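Architecture and fold: a report
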Amino acid sequence: MHQFFPETYTGTENFLLNLSSQIKTNGHEVKVITHSFRPDSYFDQTYGHIMYREFHYKDIPIIAYKHMNNPGPQVLYQSLEDTGLTGFADMILQKEQPDLVHVAHPIRMSEFIHVSIKRNIPYIITLTDYFLICPKGILMTSAGVPCFGAEQGEACKTSCPELNTDFVKYRYNQSKNILLSAKKLIAPSFYLASIFKKEYPEISIEVIPYGVDQENFIQNKTVYRKHQHLTFCYAGSHYTHKGLHVLTEAFLSSKINKSKLKIYGSGKDSFYNDQLRKSASKNKNIEFCGVYSETDIGHIFSSVDVLIVPSIWHENCPFVIYEALACGLPVIASDVGGITEIIDHGRNGFIFPRGNSEKLTKLIKKLNHHPMILNKIKKKISEEKVRTIEEEAHQYLALYRS
């Protein structure tokens, strides 16, 4: 069985590579194709108006591609159609002759789906966000508040008036066809599945939670004592919907004056990041630590005391939470999306209301005053088995064969 995984989003990178590795370990052929923003000089082959390069990463064959001429933000970030990519997608599928296409994210990759339909190649889709409902992918309105559905494009008229109504309607119908034509649809959380079922009642979705590769994980073995100073951590992208501003605002409270906050990751929204750093500079205990790789996770999570996930959008199920729990690290997270399917307040972590920095401050203050609470949380985490990538791959293999 020749597996073929289109992928473009760094948010699904761990899922994609871990799953690909396991599928290959089980004796099947795997090839990953991804869009890339690398400089033009990186690519060494062309087809039509597409540049591409073939290489291996961790023994997984990968094809990375890029347009010779920038097709514009609508094609790159919103559209489910890219005529400039059709010929390339057709050439790749003709060359590879896959038995199955597995779409890990359709952004910038939808032509592979259209060509798969034309060539009668079965495909499955793992839904990792709301891109097939929302042109923005995150179900956030122009006013910066969560949206609860496109309502066949009608809700977009008032929630996001900057979007062209005809484009939204056309895109909605394209999404519906893509979803209904898929062999299988998978969601990593029941919450994300429910949002799609509400929007497209005709579809059927199976929930397969993420599994984690524990190879690079180091167990956090800290035992807490009275008056111990704590170090909190954020690890992820720096965008408004990720709620990092909620976290920094909590740490600017006068009620928190001893704890440290280490912020890992980066983001391309320069205005947002400038505002974050300007605000955070008022507290010398807030440190921006830069980008990190998957091999850094174990060292980071074994040296801090609590991970904080302050998202304000409908999170699917952040991979970083699974990684933290696999390292034995307690988590504080907002009560959004699929997060509450992972974090049980007071058992393996803590939950606070979306966007409420005051409630977050109270939680942090409580742990500062009573750090030994974390010992109880860590014991519960250690008693629970973290789902592995082997278990996740086993479920996907069963789907591929069905």
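Because the structure is a prediction, the values reported are computed rather than measured.

Conventions and cut-offs
- Residues numbered from 1 in each chain as written.
- Predicted model: local features only at pLDDT ≥ 70, side-chain atom pairs only at ≥ 80, totals over all residues.
- Heavy atoms only, no water.
- Buried < 20%, exposed > 50% of the residue type's maximum accessible area, 1.4 Å probe, protein only.
- Helix = DSSP H or I, 4+ residues; strand = E, 2+ residues; numbered from the N terminus.
- Pairing = 2+ DSSP bridges.
- Right-handed = clockwise from strand over helix to strand, strands pointing away.
- Salt bridge = Lys/Arg side-chain N within 4 Å of Asp/Glu carboxyl O.
- Core = buried A, V, L, I, M, F, W, Y, C linked by side-chain atoms within 4.5 Å.
- Contact = heavy atoms within 4.5 Å.
- Axes fitted to C-alpha atoms, helices over the stretch in contact; angles between N-to-C directions.
- 1 Å grid on protein atoms, 1.4 Å probe; cavity = no way out; pocket = protein on both sides within 12 Å on 5 of 7 lines; lining within 4 Å.
- Points joined across faces, edges and corners; volume = space filled by probe spheres on them.
- Nonpolar A, V, L, I, M, F, W, Y, C, P; charged D, E, K, R; others polar.
- pLDDT = per-residue confidence, 0-100.
- Parallel < 35°, antiparallel > 145°, perpendicular 65-115°, else oblique.

1. So, the pairing of strand β10 (residues 231-235)
A large share of β10 lies buried, amounting to five of its five residues. Across the two faces of β10 the burial is the same, with Thr-231, Cys-233 and Ala-235 and Phe-232 and Tyr-234 all buried. Relative to strand β11 (residues 260-264), β10 runs parallel, the two being bridged by five bridges. Bridging from a neighbouring strand, Cys-233 pairs with Lys-262 of β11. With respect to chirality, the unit in which β10 leads through helix α8 (residues 244-251) into the neighbouring parallel β11 is right-handed. Of the pairings in the sheet, the one linking β10 to strand β13 (residues 306-309) comprises two bridges and is parallel in character.

2. Details of the pattern of salt bridges
Considering all chains together, one arrives at 17 salt bridges under this definition. Where Asp-59 meets Lys-24, a salt bridge forms, and the shortest distance between an N and an O atom there is 3.2 Å. Of the two residues, Asp-59 sits in the loop between β4 (50-57) and β5 (60-67) while Lys-24 sits in helix α1 (residues 13-25), which places them 35 residues apart along the sequence. According to the relative accessible area criterion, Asp-59 is exposed, its value standing at 53%. Between Asp-90 and Arg-119 there is a salt bridge, and its shortest N-O distance comes to 2.9 Å. Of this pair, Asp-90 sits in helix α3 (residues 83-96) while Arg-119 sits in the loop between α4 (110-118) and β7 (123-126), and the two are 29 residues apart along the sequence. Taken together, the shared-partner salt bridges connect Lys-31, Glu-54, Lys-95 and Glu-96 into one network.

3. Thoughts on the nonpolar core
In this structure, Phe-88, Phe-196, Phe-232, Phe-301, Leu-307, Ile-321 and Ile-332 are the most contacted members of the largest nonpolar core, which totals 131 residues. For this core, the element with the highest residue contribution is helix α11 (residues 319-326), accounting for seven residues. Those residues in contact with Leu-307, other than ones at most four positions away along the chain, are Cys-233, Tyr-234, Ala-235, Phe-301, Val-320, Ile-321, Ala-324, Leu-329, Pro-330, Val-331 and Ile-332.

4. Structural notes on the sheet that holds strand β15 (residues 349-352)
Across the sheet, six strands lie side by side as β12-β11-β10-β13-β14-β15; this open sheet has parallel pairing. Each edge of the open sheet is held by one strand with a lone partner, namely β12 (286-290) and β15. Neighbour-to-neighbour, the strand axes of the sheet open up by a mean angle of 25 degrees, direction not taken into account. Its contacts with the sheet place α8 against β10, β11, β12, β13 and β15, and it is angled at close to 160 degrees to β11.

5. Looking at empty space enclosed by the protein
With the rule as written, the count across this model stands at four cavities of 30 Å³ or more. In this structure, the largest cavity spans a volume of roughly 90 Å³. Residue lining of the largest cavity: 14 residues in total, with Cys-134, Leu-139, Cys-147, Cys-156 and Cys-160 positioned closest to the centre. In the lining of the largest cavity, the residues fall into eleven nonpolar, two polar and one charged.

6. Description of the confidence of the model for the chain
In the predicted model, the chain carries a mean pLDDT of 91, and the fraction of residues at 70 or more is 97%. Contacts from residues 1-11, a stretch scored under 50 in pLDDT, to residues over four places away or in other chains number 64 contacts.

7. Describing the packing of α8 against helix α9 (residues 270-280)
Running from amino to carboxyl end, α8 crosses α9 at an angle of 10 degrees, the nearest separation of the two axes being 10 Å. Accordingly, the angle class assigned to the pair α8 and α9 is roughly parallel. For the pair formed by α8 and α9, the contact residues are Leu-244, His-245 and Thr-248 on the first element and Tyr-272, Leu-276 and Ala-280 on the second. Of the residues contributing to the contact of α8 with α9, the split by class is four nonpolar, two polar and no charged.

8. What to know about the layout of surface pockets
Each pocket or cavity is described by its volume, and for the second largest pocket that value is around 300 Å³. Around the second largest pocket, the lining comprises 18 residues; the ones closest to its centre are Tyr-322, Leu-325, Glu-341, Ile-342 and Arg-387. Residue composition of the lining of the second largest pocket, by class: eleven nonpolar, three polar and four charged.

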